[in-house]
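Notes for the structure review
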Amino acid sequence: MTISRRRFILGTTVVGGGLLIGYASTRPSKHSIANRDAGEQPYLTTWLRISPDNTVTVIVPHSEMGQGILTSLPMMAADEMDADWDMVHVEQAPATDLFANGVLVKGFAESLGVSVPGFLNGVAAAGAMKIAEIMNMQITGGSSSVRFTGEQGMRVAGAAAREMLIKAAAARLDVPESELSTSLSYVRHSASGRTLSYGELASDAARFEPASAPRLKDPKDFTLMGKSIPRIDIPAKVDGTALYGIDAEAPGMLYAAVRTSPVFGNKLSSVNADVALQRRGVVKVIELDNAVAVVADNYWRAKQALAALDIRFEETANNQVTTQSIYAQYDDALLGELSKDVEEGDAAAALADAQSVVEATYRVPYLAHAAMEPMNCTVHFHDGKCDVWTGTQDNLGIRGRVAKIAEMDENDVTMHAFYLGGGFGRRLPTDTNTIDQATLIAKHFDVPVKTLWSREDDIQQDYYRPAVTSKFRGGFDANNQLIAWENHYIGKNEPAEAAHTPYAIPNKHIAYAESETHVPFGAWRSVAHSQHTFFLESFVDELAHRSGQNPYQFRLNMLADKPRHAAVLKAAAERAGWERNLAPGRAQGIALQESFGSIVAQVAEVSITEAGQVRVHRVTCAIDCGRSINPDTVASQAESGVIFGLTAALYGEITIDQGRVMQNNFTDYEMITLQDAPEIDIVTVESGEALGGMGEPATPPIAAAVANAVYILTGQRVRELPLKNYRFTAVPNESAV
Amino acid sequence: MARFRVNGVEQELDIEPDMPLLWALRDELGLKGTKFGCGVAACGACTVQVNGNPVRSCVTPVSAIEGSDVKTIEGLATNVGGITAVQQAWIDHQVPQCGYCQSGMIMAVSALLESNPSPSDADIDGAITNVCRCGTYPRIRRAIKSLTATA
Ligand code: FES
Ligand code: FES
């Protein structure tokens, strides 16, 4: 019976052991995506396929958005199975429940300090697969792909496959398994000199049950992990052939341009649709709840017609909101009742007894993601089914979202995956306004419709990194020891530990107030760490200077029980030549934070230009992410993270007036370009500890590192970003310590 | 009718004279390698070469390039299926991340090196003002330098 030949190892593979599905049928079954186009190729696991021609295909359930995941994950599987890297192919997993990312869901939830929802607890024990099915996620975020899918999925799948191949070879050659070895996609019997390729053994191997906990390699035996392997997505990204969602092409496709209420939450009141309908190429004008869409045979025509319309939106109380009113609301909230985050010792008493108390209030503004590829989604309804072409951080999640909006069964929705022209959190299934619009617009047609947002739409209709206010008090005793740390901030977000400082301080009181606004918010690269690390590491720096201590030494002294943190801080300071041989007019600032399982310290070397602006010359970035899977990818993610955080520190600011975002495009939401990009020097500290993420951890420390250097140069403490709003004056020969 | 050559092929399009070259390339000719990033000449994702000069196609109406030679990323390498030295340097230095800005980057850098084979840092900063949201700038500079060193 066909059905008995399908094997899903669920009961035996619990969460910790990895998500592993053995599949041992060569017969197509309509329930198994594994057989979608497999022909006679047996699948060993969902993640690995070995073909008779000795190629190994690794199926990756995450999205490639430049972080190198299409290379790093297959490296992990191929290394464990001793596959020949030149014979490894990579496929993006289709968006079906079979490929859902259960292991990741749990790891992600835990890393965010969120427990797996209660109703799933029983299910968790039954296998990660189930969690994923229920939570319906195929998510790429939280710097988690390598940490969870890689460590718990790819490596386990690769090792299990290798064991099955050895079993098959032992049977075929009639020798004990212990006499066999593997390398470069062959099993060898050295005593007799016989070899069998994985391809030859694949169908035999598929008869064995994959082990749920196969033996993993000792890191010293890695052949691929730890090497800088060129990324497989790069060639297509230099010759223009890489396809992004915006490039989706389907016969008869129409294009939609949209204008959404600039004031969040307000509805459409009227539009003079006729004006657009008279124009060349325009097919239809569609009124949505809070937006107007013009559909035409070319995007530019749709956009031009949209611009010609007189579109009115209702006015509500939201029209009164400004950045200032939001900050005033925050200040009020911080005077009200607070919720506890951390309570250690008795900070109130320690502050009352303190010899000296330092107080400061910090703020950061809203930020937009501004991924390079403007938001877009192409949808085609036909024959009761639906096809969707878009780049997303979670194909499965978006499939569910489209099904929900279209009121269809998820199984009738087919996702077509693309490269992402940047994600940074914007393409998560929590941020679906573009997807929702595209679905509602396409519902009017039986041809595909590509909904494409302009950069202005992107900047004005984002899910913003929240603006945050954070107030501090620090207290010193008579011996100049920091004895109290008090921090009150707005909005507890993820990760839960974002507002926690790593330093040993005997009395800590950290609390927060929620203060909702009408501005939509979402995850922005490194989530709440991006705001809080600026606050924490700037205030620690203030405390160092105010107590007359060197900011590097001050931090180091409080890290006695955090050797990994101390080692990273030291590595950054040593590599940067902390406060040694600095050119005149330059200063260094330092900052440290752990996020997503990785510890990062940065030293920024800064000067002030004649125009009073900050110029960052060099950033030294030390990282402990446990072990580097692909060191060059670790370096490029660190470079990217630094530039992303620095862009925010120097220029990033979304302001609200009359309820709407005031910025429009890269002209007034500025980006770093080649001329102001610093040199970046990466040092990795290979601690061998559990793998940390690399997509985000380099972003949080940079703003504080730069601002701390600015203080040394100017004597001015930066407590609000961005730096472009200041005109600094360098104070010559001023040495703060 | 708009008439111009794209990657050596004559094109005659029945489109409005004020349609930007970007949309003519992408939506009329199906050449998707040239990207839309901002629409206001502020990012360079849409950079193509017109008669050898780098041009931001999102603000270039087709009427302005009547009879010109347009080169896009698809036509950059003259050997079929091959790549240029600039593209090879991009691979050697593992420059792209999401990759979305890189067609425009490579078109701009190729035009720069064509006219100035050994640009100084200031020349590079002045000519390459494209935005890369992934922050691949350190590698872009390294890749350009590797080309000028051997030039
Ligand atoms: S799309 Fe043309 S410069 Fe940005
Ligand atoms: S590589 Fe992503 S924008 Fe440049």
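Rules behind the numbers
- Residues numbered from 1 in each chain as written.
- Chains lettered and ligands numbered in written order.
- Predicted model: local features only at pLDDT ≥ 70, side-chain atom pairs only at ≥ 80, totals over all residues.
- Heavy atoms only, no water.
- Domains from an automatic or database assignment.
- Contact = heavy atoms within 4.5 Å.
- Buried area = accessible area lost by both parts, 1.4 Å probe.
- Salt bridge = Lys/Arg side-chain N within 4 Å of Asp/Glu carboxyl O.
- Polar contact = N/O pair within 3.5 Å; in protein donor to acceptor, adjacent residues only side chain to side chain.
- Helix = DSSP H or I, 4+ residues; strand = E, 2+ residues; numbered from the N terminus.
- 1 Å grid on protein atoms, 1.4 Å probe; cavity = no way out; pocket = protein on both sides within 12 Å on 5 of 7 lines; lining within 4 Å.
- Points joined across faces, edges and corners; volume = space filled by probe spheres on them.
- Nonpolar A, V, L, I, M, F, W, Y, C, P; charged D, E, K, R; others polar.
- Pairing = 2+ DSSP bridges.
- Axes fitted to C-alpha atoms, helices over the stretch in contact; angles between N-to-C directions.
- Phe/Tyr/Trp six-rings, centres within 6.5 Å; stacked < 30°, edge-to-face > 60°.
- Buried < 20%, exposed > 50% of the residue type's maximum accessible area, 1.4 Å probe, protein only.
- Right-handed = clockwise from strand over helix to strand, strands pointing away.

Residue and element names in this part refer to chain A. Parsing chain A into structural domains produces domain 1 (8-238), domain 2 (245-315 + 375-452) and domain 3 (325-366 + 464-725). Contacts between domain 1 and domain 3 engage 26 residues on the former and 21 residues on the latter. The junction of domain 1 with domain 3 conceals about 1600 Å² of combined surface from both sides, 55% of it contributed by carbon and sulfur atoms. Summed over the shared surface of domain 1 and domain 3, the number is zero salt bridges. Linking domain 1 with domain 3 are four residue pairs in polar contact (both at pLDDT 80 or more). Secondary structure elements with two or more residues in the side of domain 1 that touches domain 3: α1 (69-81) and α5 (145-173).

What follows covers empty space enclosed by the protein. All names here are of chain A. All told, the structure shown has nine cavities of 30 Å³ or more when counted by the stated rule. Taken together, 13 residues make up the lining of the largest cavity; nearest its centre are Arg465, Ser530, Gly645, Ala648 and Ala703. No other element matches the three residues that helix α18 (residues 631-650) contributes to the lining of the largest cavity. Partitioned by chemical class, the residues of the lining of the largest cavity number eight nonpolar, four polar and one charged. Lining the second largest cavity we find Met375, Asn376, Thr390, Gly391, Thr392, Ile398, Arg426, Arg427, Leu428, Asp431, Thr434 and Ile435.

Let us look at the sheet that holds strand β13 (residues 356-364) of chain A. Residue and element names in this part refer to chain A. Taking strand neighbours across the sheet as the criterion, the five strands line up as β12-β20-β19-β18-β13 in an open arrangement whose pairing is mixed. Every other strand in the sheet has two partners, leaving β12 (339-344) and β13 as the edge strands with one partner each. The mean angle between the axes of side-by-side strands here comes to 10°, regardless of whether they run parallel or antiparallel. Inspection of the sheet shows strand β19 (residues 482-490) paired to strand β20 (residues 507-513) by seven bridges, in the parallel sense. Among the inter-strand pairings, tryptophan 485 is bridged to a residue of β20, identified as lysine 508. Packed onto the sheet, helix α10 (residues 323-335) meets β13, β18 (468-476), β19 and β20 and runs at close to 45° relative to β18. Each of β13, β18 and β19 touches helix α15 (residues 529-546); the most contacted strand, β13, lies at about 150° to it.

This part takes up the packing of aromatic side chains. All names here are of chain A. The full count for this structure, using the stated rule, is 20 aromatic pairs over all chains. Between tyrosine 362 and phenylalanine 472 the ring centres are 5.9 Å apart and the planes differ by 90°, which places this aromatic pair in the edge-to-face class. With tyrosine 362 in strand β13 and phenylalanine 472 in strand β18, this pair connects stretches of sequence that are 110 residues apart. Here tyrosine 362 and phenylalanine 472 have matching classes, each one buried.

Attention shifts here to the pairing of strand β2 (residues 56-60) of chain A. Along a regular strand, successive side chains alternate from one face of the sheet to the other. All names here are of chain A. The buried count for β2 comes to five of five residues, which makes it a mostly enclosed element. Residue alternation in β2 divides its side chains into two sets, Val56, Val58 and Val60 and Thr57 and Ile59, and both sets are buried. The sheet contact formed by strand β1 (residues 48-50) and β2 spans three bridges and is antiparallel. When the bridges of β2 are listed, arginine 49 appears paired with threonine 57. Taking the residues that link successive antiparallel strands as the turn, the β1-β2 hairpin has five residues, and the phi of asparagine 54 there is positive, at about 75°. The pairing of β2 with strand β3 (residues 88-92) spans five bridges and is classified as parallel. The residue of β3 that forms the bridge with valine 56 is valine 88. Between β2 and its parallel partner β3, the chain crosses via α1, and the hand of that crossover is right-handed.

Take the pattern of salt bridges next. All chains considered together, the criterion is met by 49 salt bridges over all chains. Arginine 564 of chain A serves as the salt-bridge partner of aspartate 624 of chain A, at 2.7 Å between the closest nitrogen and oxygen. With aspartate 624 of chain A in strand β23 (residues 614-624) and arginine 564 of chain A in helix α17 (residues 563-576), the pair connects residues that are 60 residues apart, well separated along the chain. Judged by relative accessible area, which is 25%, arginine 564 of chain A ranks as partly exposed. Connected through shared salt-bridge partners, Arg280, Asp297 and Arg301 of chain A together with Asp14, Glu16 and Glu28 of chain B make up one network.

Below, the discussion takes up the interface of chain A and chain B. Listed by partner, the interface residues are 60 residues for chain A and 52 residues for chain B. Summed over both sides, the interface between chain A and chain B buries roughly 4500 Å², with carbon and sulfur atoms accounting for 58% of that surface. For the interface between chain A and chain B, the tally reads 10 salt bridges. Of the charged contacts in the structure, one is a salt bridge between aspartate 247 of chain A and lysine 35 of chain B, with a shortest N-O distance of 2.5 Å. The interface formed by chain A and chain B holds 30 residue pairs in polar contact (both at pLDDT 80 or more) in total. Elements represented by at least two residues in the side of chain A that touches chain B include exactly α7 (234-238), α9 (299-307), β17 (449-452), α14 (455-460) and α18 of chain A. No other element matches the nine residues that α18 of chain A contributes to the side of chain A that touches chain B. For the side of chain A that touches chain B, a count of residues per class yields 31 nonpolar, 15 polar and 14 charged.

Take the domain arrangement of chain B next. Size of an interface: often given as the accessible area lost when the parts come together. Residues and elements named next belong to chain B. Taken domain by domain, chain B comprises domain 1 (2-75) and domain 2 (85-149). Summarising the inter-unit geometry, the C-alpha centres of domain 1 and domain 2 are found 21 Å apart. Taken together, both faces of the contact between domain 1 and domain 2 bury some 1100 Å²; the carbon and sulfur share is 58%. When the buried area of domain 1 at its contact with domain 2 is split by residue, Thr47, Gln49 and Ile73 rank highest and sum to 39% of it. Here domain 1 and domain 2 share zero salt bridges between them. Linking domain 1 with domain 2 are seven residue pairs in polar contact (both at pLDDT 80 or more), by the criterion used here. Counting residues per element, the ones that place at least two in the side of domain 1 that touches domain 2 are β3 (47-50) and β4 (53-56). Its residues assigned to classes, the side of domain 1 that touches domain 2 shows six nonpolar, six polar and three charged.

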